[in-house]
Amino acid sequence: MGRRLAAAVHVLHPKTNEWLILQPGDEPDEDLAEAITHPDAWEPDEDGEDGGEGDPPAGGTEPTPTPEPTPAPETTPAAEAKPKARTRKQADEQ
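Residues numbered from 1 in each chain as written. Predicted model: local features only at pLDDT ≥ 70, side-chain atom pairs only at ≥ 80, totals over all residues. Heavy atoms only, no water.

Undergrad: Would you mind going over the nonpolar core with me for this structure?
TA: Nonpolar side chains in soluble globular proteins tend to end up buried together. Within the largest apolar cluster, 9 residues are counted, these being L5, V9, V11, L22, L32, A33, I36, A41 and W42. For this core, the elements supplying multiple residues, two or more each, are β1 (9-12) and α1 (30-33). Sequence-distant contacts of I36, that is, excluding residues within four places in its chain, are made with L5, V9, V11, L22, P28, A41 and W42. (Core = buried A, V, L, I, M, F, W, Y, C linked by side-chain atoms within 4.5 Å. Buried < 20%, exposed > 50% of the residue type's maximum accessible area, 1.4 Å probe, protein only. Helix = DSSP H or I, 4+ residues; strand = E, 2+ residues; numbered from the N terminus. Contact = heavy atoms within 4.5 Å.)

Undergrad: Explain the pairing of strand β2 (residues 19-22) here, please?
TA: Side-chain positions along a regular strand alternate between the two faces of the sheet. As judged from the 4 bridges shared by β1 and β2, these two strands associate in the antiparallel manner. Within the sheet, the bridge partner assigned to V11 lies in β2 and is L20. Counted between consecutive antiparallel strands, the loop separating β1 from β2 contains 6 residues, among which N17 sits at a positive phi close to 55°. (Pairing = 2+ DSSP bridges.)

Undergrad: Where do I start with unusual backbone geometry in this structure?
TA: Peptide bonds are trans in most cases, and residues, glycine excluded, mostly fall at negative phi. Phi at N17 is positive, roughly 55°, even though this residue is not glycine. Its place among the elements puts N17 in the loop between β1 and β2.

Undergrad: Looking at this structure, how should I read the environment of A6?
TA: Inspection of the secondary structure assignment puts A6 in the segment before β1. You can call A6 partly exposed: its relative accessible area is 39%. Discounting chain neighbours no more than four positions away, the residues touching A6 are P24, D40, A41, W42 and E43.

Undergrad: Please explain the pattern of salt bridges as it appears in this structure.
TA: Oppositely charged side chains are able to pair whenever their charged atoms sit close together. Taken as a whole and assessed by the stated rule, the structure comprises 3 salt bridges. Note that E27 is salt-bridged to R4, the shortest N-O span being 3.5 Å. Of this pair, E27 sits in the loop between β2 and α1 while R4 sits in the segment before β1, placing them 23 residues apart in sequence. Between K15 and D31 there is a salt bridge whose closest N-O contact spans 3.5 Å. (Salt bridge = Lys/Arg side-chain N within 4 Å of Asp/Glu carboxyl O.)

Here is the structure:
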């Protein structure tokens, strides 16, 4: 028994070069199944393993998570950052 699809798949048949739409639950032939490379397209095997190309390497290591970006530092308003210089006329009036 072949593997079953978990999602609808658009795939180019490797021998006839025609586009096919396969539905969830379909069990494509081996030559057609090799053309479906997305691991989420397949239902998990009965033993609970996916068996697709998306599995972690045999060494059992998980991929390193991408760190979250650090937030940009808060900016201070321009009025607080630097006081305005007084003009000569303003200084004379005081």
